[in-house]
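Examining the three-dimensional arrangement
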Amino acid sequence: MPVLNTPHLHLLMNHVPTVGTVIGLGLLLLALMRRSDHLMRASLELFFLVALASLPVYLTGLAAQEAISGLPDVSADAITAHHNGVLLAFAFVELTGALAWLALWQFRRLARPAAWMSPAILLLATVTVVLMAGAATVGGEIRHPEIRPDGGVLAPAAWVTVDAVREFVISRAWTWPTAEVLHFIGLSLLFGVLLVVNLRVLGGLKAVSYASLHKLLPWAMLGFGVNLVTGMLFVIASPEQYMTSDPFYWKVAFLMVAGVDLLYLTVFERLWGLRAGDNATLLDKAIAVSAVAAWIGVIYSGRMLPFLGNAF
Amino acid sequence: MDLYLWIEALGPSTWVREAPTVWGYPTVLTLHTFGMSVLVGTSAVLSLRILGVGGSIPLAPLRTLFPVVWVGWWVSFVTGALLFGAAATVRGMQGLFLAKLLIVAAGTAIVVLIKRQGYGPNADQVAVSRTTRHLALLLLLVWVVAITAGRLLAYVT
């Protein structure tokens, strides 16, 4: 019997997107008022990590839905409203994290991010907080009749619904294959770029400075973005295929490691200072090995999912 | 057709098709994905650099990436041959599969040309020529078409 099951994990983690974004927003406001780049970077790094952690929050939520549907005291309406609300909130928390990452990358390249960056991130993070708060409130109502309003569930209007996404993926014969094609193109771009950058840290391509290869990182992020969108389409359209499959959970765990490594590659000082001919420290090499290994783990567990899991 | 039947009956083909273990078909397929991502991903970086992405990255040292590209190529080739052998009578008659082989052959030729023209020993002294840039762009397109064809093969058995 596992100590933690997926509904429990969802309960443990589900405050991260809401509370994390509120703290990030506070840090960002403080950074703007005090004109402090250090605070600004801290808030951007937090936004990136919150976006990363929101992925398992969403996915354990899907698993929790499978586990608790039909239990007494559980409101099916609240589950539907929660999931619909989360869809848009998740999109915004990911957008905020992606833009925060780009700003961190620009801090490196251009000494400071473009002028429109901080207002844009401020706006996105504010929208995220509003959407997350709405989604979280309904989430609480799933299991707590005492906070449900008399008329049933207090659900914000949903612009995008889970059913609409499912319909888009399943009712059109071309959507799934097209998303698969894009998923493979995205993974090649992502893996190729990160392989080259990490090879430099490991001592291949030593004649090239780390800073010049750092320019390639947004292309890896582009590949990741394509795969996040297409991957979410698969999961939303067919959650039962993934939620009952162990390799899918390994894949998400490997993604967390890979995401933290990507942040390290983007912002840390010691790597940035590697000039042509310089050797990276042993610790940095170990991190580069973990990054490549984590991506291999992501691709392996994704590709082996139909064979290792019990899903198909 | 006889040739395809003969290939399908070979030991490795039968093993990939029928062995009731994850080390058979699933692992060969997964290695094909790894080979593809290394081949396409690394050569895409080399093409992007030719096209001006990361303009301060010196060209000549990137030559050392070509062995990585070829490792990806060989892994794709060996696992691809095994996957073909396991279903030779089906794949050998499929227009989409044969088209994919031609596209990959074209991609391979372009990689060789890019290495010769864009990453020669004097690569840093000469500006990247128009032809090389066209080749780099073509390679990206060719790989997109190859991945599309390969991925769609899963839906047309």
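Keep in mind it's a predicted model, so treat the numbers as computed, not measured.

Some thoughts on the overall build of chain B
In terms of helices and strands, chain B carries 8 helices and 0 strands. When the helices and strands of chain B are read in sequence order from the N terminus, they spell out α-α-α-α-α-α-α-α. For chain B, the C-alpha atoms occupy an extent of roughly 55 × 30 × 25 Å along the three principal directions. The burial tally for chain B puts 48% of its 157 residues in the buried class. Considering only contacts in chain B between residues 6 or more positions apart, those separated by 24 or more positions represent 81%.

Description of the interface of chain B and chain A
Counting residues at the interface gives 33 residues for chain B and 30 residues for chain A. Both faces combined, the contact of chain B with chain A buries some 2,800 Å², and carbon together with sulfur accounts for 83% of it. Residues E180(A) and R151(B) are paired through a salt bridge, measuring 3.4 Å at the closest nitrogen-oxygen approach. Our count for the chain B to chain A interface comes out at 2 residue pairs in polar contact (both at pLDDT 80 or more). Elements with a contribution of two residues or more to the side of chain B that touches chain A: α3 (25-50), α4 (59-62) and α8 (130-152) of chain B. Looking at side-chain class alone, the side of chain B that touches chain A contains 21 nonpolar, 11 polar and 1 charged residues.

What to know about the environment of V112(B)
Turning to its location among the elements, V112(B) is positioned in helix α7 (residues 95-118). The spatial distance from the C-alpha of V112(B) to the C-alpha of S129(B) is 16 Å, given a sequence separation of 17 residues.

A closer look at unusual backbone geometry
All names here are of chain A. We note that D73 has phi near 75°; this positive angle belongs to a residue other than glycine. By the secondary structure assignment, D73 is in the loop between α3 (37-68) and α4 (76-110). Positive phi is not limited to glycine here, since L205 has a value of about 55°. The topology assignment puts L205 in the loop between α7 (175-202) and α8 (210-214).

Comments concerning the pattern of salt bridges
Residue and element names in this part refer to chain A. Using the criterion set out here, one finds 6 salt bridges over all chains in the structure. R270 is the salt-bridge partner of D284, the closest N and O atoms lying 2.9 Å from each other. Taken as a pair, D284 in helix α13 (residues 282-303) and R270 in helix α12 (residues 269-272) lie far apart in primary sequence, 14 residues in all. A relative accessible area of 43% places R270 in the partly exposed class.

Quick word on the layout of surface pockets
Residues and elements named next belong to chain B. The volume enclosed by the largest pocket comes to roughly 1,100 Å³. Surrounding the largest pocket, 37 residues form its lining, H32, G80, L83, K100 and L153 being those nearest its centre. Every element with two or more residues in the lining of the largest pocket is listed here: α2 (11-18), α3, α5 (66-86), α6 (88-91), α7 and α8. Sort the elements by how many residues they give to the lining of the largest pocket and α5 lands first, with 8 residues. Taken together, the residues that form the lining of the largest pocket break down as 25 nonpolar, 7 polar and 5 charged.

Focus: the side chain of R108(A)
Residues and elements named next belong to chain A. Relative to the assigned elements, R108 resides in helix α4. Polar contacts involving the side chain of R108 include one to the main-chain carbonyl oxygen of V267, which spans 2.8 Å. Only 3.1 Å separates the side chain of R108 from the side chain of E269, close enough to count as a polar contact. For R108, the residues in contact, after removing those within four places along its chain, are H214, T266, V267, F268, E269 and W272.

A word on the packing of α4(A) against helix α5 (residues 117-141) of chain A
All names here are of chain A. At a closest axis distance of 8 Å, the pairing of α4 and α5 adopts a crossing angle of 155°. Classified by the interaxial angle, the pair formed by α4 and α5 is roughly antiparallel. The hand of the α4/α5 crossing is left-handed.

Details of the confidence of the model for chain B
Mean pLDDT over chain B works out to 92, with 97% of the residues at or above the 70 mark. As a predicted assembly, this complex carries a pTM of 0.93 together with an ipTM value of 0.94.

Brief notes about a nonpolar patch on the surface
Residue and element names in this part refer to chain A. A cluster of nonpolar side chains, namely L29, L30, L32 and M33, defines an oily patch on the protein surface of about 360 Å² accessible area. Here L32 lies in helix α2 (residues 16-34). Looking at L32, the relative accessible area reads 34%, which means it is partly exposed.

Thoughts on the packing of aromatic side chains
Given two aromatic rings, one states the distance between the centres and the angle between the planes to describe the pair. In the structure shown here, the tally under the stated rule is 14 aromatic pairs over all chains. Considering the side-chain rings of W73(B) and W74(B), the 5.1 Å spacing of their centres and the 80° angle between planes classify their relative orientation as edge-to-face. Using a relative accessible area of 19% as the deciding quantity, one classes W73(B) as buried. Taking the ring centre of F107(A) as reference, the NZ or CZ of R41(A) above it sits at 4.7 Å.

Digging into the side chain of H32(B)
Relative to the helices and strands, H32(B) is located in helix α3. Under the relative-accessibility criterion, H32(B) is labelled buried at 19%.

Looking at the environment of G92(B)
Note on placement: G92(B) falls in the loop between α6 and α7. Along the sequence, G92(B) and L65(B) sit 27 residues apart, while their C-alpha atoms lie 33 Å from each other.

Some words on helix α6 (residues 162-170) of chain A
Owing to its 3.6 residues per turn, the α-helix brings residues three or four apart onto one side. All names here are of chain A. All of the buried residues in α6 are V162, V165 and V169. Buried residues of α6, seen end-on, are gathered within an arc of 65° and therefore sit on one face of the element. Along its buried surface, α6 packs onto α4, α7 and α9 (217-237).

Some words on the nonpolar core
Residues and elements named next belong to chain A. Y58 and L59 are the most contacted members of the largest nonpolar core, which totals 119 residues. Once residues within four sequence positions are removed from consideration, Y58 is found in contact with H83, V86, L87, F90, M232 and I236. By size, the runner-up hydrophobic cluster in this structure holds 7 residues, among which are V74, I79, A81 and V138.

About the cut-offs
Residues numbered from 1 in each chain as written. Chains lettered and ligands numbered in written order. Predicted model: local features only at pLDDT ≥ 70, side-chain atom pairs only at ≥ 80, totals over all residues. Heavy atoms only, no water. Helix = DSSP H or I, 4+ residues; strand = E, 2+ residues; numbered from the N terminus. Buried < 20%, exposed > 50% of the residue type's maximum accessible area, 1.4 Å probe, protein only. Contact = heavy atoms within 4.5 Å. Buried area = accessible area lost by both parts, 1.4 Å probe. Salt bridge = Lys/Arg side-chain N within 4 Å of Asp/Glu carboxyl O. Polar contact = N/O pair within 3.5 Å; in protein donor to acceptor, adjacent residues only side chain to side chain. Nonpolar A, V, L, I, M, F, W, Y, C, P; charged D, E, K, R; others polar. 1 Å grid on protein atoms, 1.4 Å probe; cavity = no way out; pocket = protein on both sides within 12 Å on 5 of 7 lines; lining within 4 Å. Points joined across faces, edges and corners; volume = space filled by probe spheres on them. Axes fitted to C-alpha atoms, helices over the stretch in contact; angles between N-to-C directions. Parallel < 35°, antiparallel > 145°, perpendicular 65-115°, else oblique. Left-handed = near helix turned anticlockwise from the far one by under 90°. pLDDT = per-residue confidence, 0-100. Patch = residues over 30% accessible without salt bridge, like charges linked within 9 Å, V, L, I, M, F, W, Y side chains within 5 Å. Areas by Shrake-Rupley, 256 points an atom, 1.4 Å probe, with all protein chains shown as cover. Phe/Tyr/Trp six-rings, centres within 6.5 Å; stacked < 30°, edge-to-face > 60°. Lys NZ or Arg CZ within 6 Å of the ring centre and 35° of its normal. Arc of directions from axis to C-beta. Core = buried A, V, L, I, M, F, W, Y, C linked by side-chain atoms within 4.5 Å.

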